[in-house]
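Given next are the chains, with one letter for each unit.
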Amino acid sequence: MSAAALSIRGLRVEYPLEDGRVVAAVDGLDLEIAQGEIHALVGESGAGKTTVGNALMGLLDAPGRVAAGRVAIAGRNVDFRTGRAAGIVQGRDVGAIFQDPMTSLNPLFTVESQIGETLRFHLGLDREAARARALDLLRAVGIPEPERRLKAYPHQLSGGQRQRVVIAAALSCDPKLLVADEPTTALDVSVQAQILDLVRALVRERGLGVLLVTHNMGVVAEIADRVTVMRGGKVVESGKVADVLTRPKHAYVQGLVAAVPRIDKRLARFATIGDETAGAQAARDDLRTRYMRPRAEKVPDAILEVANLTVEYGSGSLLGLGRKGGFRAVDDVSFAVKRGEIFGIVGESGSGKTTVANAVAGLVRTAAGTIRFAGQAIGEKRPRALRGAMQMVFQDPYASLNSRMRIDDALAEPMLFHGVAAGRSDADARIAMLIEAVGLAPDAGRRYPFAFSGGQRQRLSIARALAAEPQLVVCDEPTSSLDVSVQAQILNLLKDLRDATGLTLLFISHDLAVVRQMCDRVAVMQGGRIVELADCDTLFADPQHAYTKRLLSLVPNVARIGNRLEPTGASP
Amino acid sequence: MTRIPKSVAIAGAIAVALIATALLAPWVAPADPTDIASYNLIDSELPPSFVAGGEARYFLGTDNQGRDLLSAILYGARVSILIGGGAVALAALLGVTLGLVAGYFGGWLDAVIMRVGDVILSLPTILLALLVSGLARALIPNAASASWAPFILIGAIAIHEWVQYARTVRAATMVEVQREYVRAAKVIGLPPLRILGRHILPNVMSSVLVIATINLAGAILTEATLSFLGVGMPPTYPSLGTLIRIGNEFVFSGIWWIAFFPALTLVIGVLAVNIVGDWLRDRFNPKLRSLA
Amino acid sequence: MTGVLLNRLAQALLVMAAVTAIAFAMFRYVGDPVLIMSREDATPAEREELRAALGLDAPIVVQYAKFVGRVAVGDLGISYRNQRPVAKLLAERLPATLELVAVAMAIALGLGIPLGVLSALHPKAWYAQAIQAVSLLGISMPTFVTGIGLIMLFAVGLRWLPSFGRGETVALGWWTTGLLTPSGLRSLILPAVTLALFSITLIMRLVRAEMRDVLASDYIRFARARGLPRPYIHFTLALRNALMPVITVTGLQVGSLIAFAIVTETVFQWPGMGLLFIQAVSFVDIPVMSAYLLFVGFLFVAINMTVDVLYAIVDPRLRSGAR
């Protein structure tokens, strides 16, 4: 049997701080990858998984250094005394893939030159031989029309094609180890599936060992043989994927696995623990009584009706996204949202789902169609009361709050503007209640956004959306930037708030599993149109449209784990 | 918070000290160089007191009119700083306002503002300033030109510099408008003026302050250059540039101090401001490097 | 890409329109040309005659059109000060300024790029810190102070180099050059260095900043992860990316060098267009001022267009049509 593709013993990576202290980004890591095996390294932000990848790729950032441990690649020891790998040639013996294919390739050089340079330097090939080999590689990674693509510049390729080129360049010298740092995170589900297939095939053909750094449990379940879970630089659990994901031993891993939204069945809540302050439930009850009072009027069943909505960019949109020739982002879309339900819109990037959200919220100008809110048609100029009745929660928690504004000022602004509170002192009481209702301590109001984590900021964004006492909240990818355990908390919170107040949520997401867990009804969008609209359970159990079926089949699925064959050659 | 490097702290202290002394010139300078009664032709072209032939009364010597050079430099620095500061204030006010409007509303308003800016930027500061001050001199009667000179200079410099603020603020505004806190403010229904003033402006201010610091150095240099070329401050109300212009005529006759000390003051002052500005830029806004 | 160029062309025309309009307005409204051009003792009737002869009684649009027409055929009027055709005056002065600017630009690029790359590659090294410190001094020294300083040192003190004028020149047709005689070259050194100093600093700082950005980019990290040799990564890959913005800035710098030549030429009494212009400004010689403005405006537009075309050729993203 040949040597392991990668063997790590007691790896410790340190970052010295300015005051002389030292932070260990990775502490005591043991890891073994056999040839032909895919080993996933997972963890949430700050776990140290990316640092491990960087250390192997010879890319540790300046003050960071390997303080202890032994690393052997394909049986040869790596010398870390200089702070990076010597004795082993990066690129020849270790291939690397990064997260964003859009920025991994140099925009000024052709595909041929970027694959060829590695071959010329490491294998001493001449230009012709390098060209022939590059062509073979492009074929191997399944790029259509490889001859033509050789002369292409990166901007002429799609995201998926670029990632294929990156893989081709990484594999050009036939390394024994491939380090892939979030290789599919920036890609759409369908492209992700293709890239994962490609990696799996290459592993089989070439006996490659792969260290797959990722935060996505679905990807792990889909492709990896073994998994190591890290937290705070330390390993918490390691083993076969099937064992770790189905029968996790460590409490943290159990929590992590439970927080992953499942696509196969719907749960009432995510199992999370200790994420809220004690007063949260009581505050939500207060909120409930507030909401109950004035809302007993005559109410039409559908709170939001969208008919034949069309949005074009390039014809003077409010957001200023100029594109010549009028690109139709949303094309003749109609749907109705019932009062109190969570209505999901799901689709890949470019499907127009976010544009629908923006149109409903009044952030983009519509080209055609009508939007009715509580039976009342709304146009470009919206009355103030209507604006207050419809609020929005956004994706990026770090950009959602004005960093120059104290939290209570940010929450008071909509209250005072919409006359929900009589004055600042009245507002302050409500602010305290709202902050508690989203699970934070009431003194949070006196601080600025930088004092909060991503998940806490998202709670505050939700509180701000609720400050105007809306009836409809548009949630645009509200958890896409969050770690999976935090995502679970936020999704639970949204459900709790809906239950407490009878709010209606328009929930936009690219993540089918999240939609499955959250929504009552779902619309699937593709290329600006709704291709299927159904009750959530029906849609997932029995999809009608071909596109929906395909999407569902491509989602990496934690539950599919048992169905996979054990790959040959993986001998731990 | 990173600590302030020693060089930056020293530069900052020098800049503050220079600016304070210059602004307080009427109270700290030994004589008033704008007062014709203080001219003393018998004492003209005396070297500094620490050089052979110098007199204790005149620490840095005298100029060709017999004015005390130290006083002339302090008053000159005051003029330079007031004009430089005035130009920066005017340019910033104009540029920030137009930049916010262009970035937020876009459309034809944006196009007009930015095209005008492009045209202005395609001419170098110094040329535009020369033209403006040259034209102003041609249009304003000679008798009044001395009292108008500072305002002409401020206008001549600001007419070019506002574009820098407008471009930066516009770009920053376009980024901020896309950011979610501004979109949230729109969804709340806040009127544009309130969104611009309360949400966007505070978030673009750090860039503006960085540009303003670097610009102050540039504006003082431009004023000095114009005065040196003879189209700036007249010899009766000299700025540092005017003093160097006067001194330049005597360099070949070995009377070096008339040009040297004003030039030294100018370079030290501008250098100090530049060091602070450079550090601010690296610290707060590394992306703003297109400015010199 | 054709869209970009058309856009630029429209902008260029706009600049030219603005510049001719200003030049025309100067001509027409700053001082009364009739008063300036007629004899002291001319009668009102004679003046009206001259006014008609100059076409100054025609509608303003017609006057502007005629002005543009005259400019287009190179008729830039007669200098008030020395009563010679302005076009001739400019043509005599042009070679001196262009030679000065060209040499200064060459110095600026030749020193600015290597220094910028050096300080980006080893930002912590003592020489990088030194370069950085000196560059700050460089942007803090006004051109005229540098010039006077160099004169004091090399001309007055050491007596190595001349302090004013162009030295001996050789005529090549209508072009006179100082590049072919020893005294011409010696005379060129101080003014060219003075003029270049500011640009060296600027280009150096730009290259340094660009290079540092590029070195931190994903594609350079990817190149490092593929184990390519460092010199190749730095000088073949990264440098090309870093130099893209330098093209634009070089274009702008040529413009600013021509403008700052006004100052340098004043300090060194260099017989170029800048000196002509500054003399015109102090004598309110409007035809010369407006002609200089027209010329510089035209040069700017030409340079900017060249830069845009060059950029489009060098950058593959523009070459094949931006998506």
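Everything numeric in this text was worked out from a predicted model, so none of it was measured. (Residues numbered from 1 in each chain as written. Chains lettered and ligands numbered in written order. Predicted model: local features only at pLDDT ≥ 70, side-chain atom pairs only at ≥ 80, totals over all residues. Heavy atoms only, no water.)

Moving on: the confidence of the model for chain C. Residues and elements named next belong to chain C. Confidence in the prediction for chain C averages 82 pLDDT; 93% of positions are at 70 or higher. Mean pLDDT across the elements of chain C bottoms out in helix H2 (residues 33-37) (65) and peaks in helix H5 (residues 86-121) (90). Scored as a whole, the predicted complex attains pTM 0.79, and scored at its interfaces, ipTM 0.78. (pLDDT = per-residue confidence, 0-100. Helix = DSSP H or I, 4+ residues; strand = E, 2+ residues; numbered from the N terminus.)

As a further point, take the pairing of strand E6 (residues 94-97) of chain A. Residues and elements named next belong to chain A. On E6, burial covers both faces: Val94 and Ala96 on one face and Gly95 and Ile97 on the other are all buried. Both E6 and strand E7 (residues 177-181) contribute to a ladder of four bridges, which runs parallel. Its bridge partner being in E7, Ala96 is matched across the sheet by Val179. (Buried < 20%, exposed > 50% of the residue type's maximum accessible area, 1.4 Å probe, protein only. Pairing = 2+ DSSP bridges.)

Here the focus is the interface of chain A and chain B. Note on interface size: it is often stated as the accessible area lost on association of the parts. Listed by partner, the interface residues are 28 residues for chain A and 20 residues for chain B. Approximately 2200 Å² of surface area, both sides summed, lies buried where chain A meets chain B, with 53% of it carried by carbon and sulfur atoms. Remark: the boundary between chain A and chain B carries two salt bridges. The shortest N-O distance in the salt bridge between Glu413 of chain A and Arg194 of chain B comes to 3.2 Å. Applying the counting rule to chain A against chain B returns twelve residue pairs in polar contact (both at pLDDT 80 or more). Secondary-structure elements contributing two or more residues to the side of chain A that touches chain B are helix H12 (353-361), strand E16 (390-393), helix H14 (397-400) and helix H15 (407-417) of chain A. Considering every element that reaches the side of chain A that touches chain B, the biggest residue donor is H15 of chain A, with four residues. Considered class by class, the residues forming the side of chain A that touches chain B number 13 nonpolar, seven polar and eight charged. (Contact = heavy atoms within 4.5 Å. Buried area = accessible area lost by both parts, 1.4 Å probe. Salt bridge = Lys/Arg side-chain N within 4 Å of Asp/Glu carboxyl O. Polar contact = N/O pair within 3.5 Å; in protein donor to acceptor, adjacent residues only side chain to side chain. Nonpolar A, V, L, I, M, F, W, Y, C, P; charged D, E, K, R; others polar.)

A word on the sheet that holds strand E17 (residues 472-476) of chain A. Residues and elements named next belong to chain A. Spatially, E16-E17-E18-E13-E19-E20 is the arrangement adopted by the six strands of the open sheet, whose pairing is mixed. The open sheet is flanked by E16 and strand E20 (529-535), the only strands paired with a single partner. Between one strand axis and the next, the sheet turns by 20° as a mean value, whatever way the strands run. Where H12 meets the sheet, its contacts fall on strand E13 (342-346), E16, E17, strand E18 (504-509) and strand E19 (521-526), and the angle it forms with E18 comes to roughly 150°. (Axes fitted to C-alpha atoms, helices over the stretch in contact; angles between N-to-C directions.)

Here we come to the packing of helix H3 (residues 69-105) of chain B against helix H4 (residues 107-121) of chain B. Residues and elements named next belong to chain B. Put simply, H3 and H4 touch, their axes get as near as 7 Å, and they point 140° apart. In terms of axis orientation, H3 runs oblique to H4. The hand of the H3/H4 crossing is left-handed. Residues Leu98, Val101, Ala102 and Phe105 of H3 form the contact with H4, whose own contacting residues are Gly107, Leu109, Asp110 and Ile113. Split into classes, the residues belonging to the contact of H3 with H4 amount to six nonpolar, one polar and one charged. (Parallel < 35°, antiparallel > 145°, perpendicular 65-115°, else oblique. Left-handed = near helix turned anticlockwise from the far one by under 90°.)

Further remarks concern the nonpolar core. In terms of nonpolar packing, the biggest core is built from 184 residues, with Ile200 and Leu266 of chain B together with Phe144, Met211 and Phe277 of chain C touching the most fellow members. Top contributing element to this core by residue count: helix H10 (residues 230-268) of chain C, with 18 residues. Beyond its immediate sequence surroundings of up to four residues, Leu266 of chain B is in contact with Ile220, Ala224, Leu240 and Ile244 of chain B together with Pro142, Phe144 and Val145 of chain C. Formed by 146 residues, the second largest nonpolar core is a distinct cluster that contains Val66, Ala134, Ala412 and Phe540 of chain A. (Core = buried A, V, L, I, M, F, W, Y, C linked by side-chain atoms within 4.5 Å.)

A separate point is the sheet that holds E6 of chain A. Residues and elements named next belong to chain A. The strand order across the open sheet formed by six strands is E6-E7-E8-E3-E9-E10, and the pairing between neighbours is mixed. In the strand order of this sheet, the two ends are held by E6 and strand E10 (234-240), each with one partner. On average, each strand axis in the sheet is tilted by 15° relative to the strand beside it, whichever way the strands run. Its contacts with the sheet put helix H10 (residues 251-259) on strand E9 (226-231) and E10, and the angle it makes with E9 is roughly 105°.

In this section: the pattern of salt bridges. All names here are of chain A. Per the stated rule, a full pass over the model turns up 38 salt bridges over all chains. Arg139 is paired through a salt bridge with Asp136; the nearest N and O atoms lie 3.6 Å apart. Of this pair, Arg139 and Asp136 both sit in helix H4 (residues 127-140), separated by three residues, roughly a single helical turn. Judged by its relative accessible area of 43%, Arg139 is partly exposed. The partner of Arg498 in a salt bridge is Asp520, with the nearest N and O atoms 3.1 Å apart. One end of the pair, Arg498, is in helix H18 (residues 484-501); the other, Asp520, is in the loop between helix H19 (512-518) and E19, and 22 residues separate them in sequence. Through salt bridges that share partners, Arg12, Glu14, Asp27, Arg65 and Lys234 make up one connected network.

The interface of chain C with chain B comprises 45 residues on the first partner and 38 residues on the second. Across the interface of chain C and chain B, roughly 3700 Å² is buried in total on both sides, 80% from carbon and sulfur atoms. In terms of surface lost to chain B, no three residues of chain C exceed Ser140, Phe144 and Ile148 of chain C, which account for 14% of the buried area on that side. Inspection of the region where chain C meets chain B yields one salt bridge. The tally of links from chain C across to chain B stands at two residue pairs in polar contact (both at pLDDT 80 or more).

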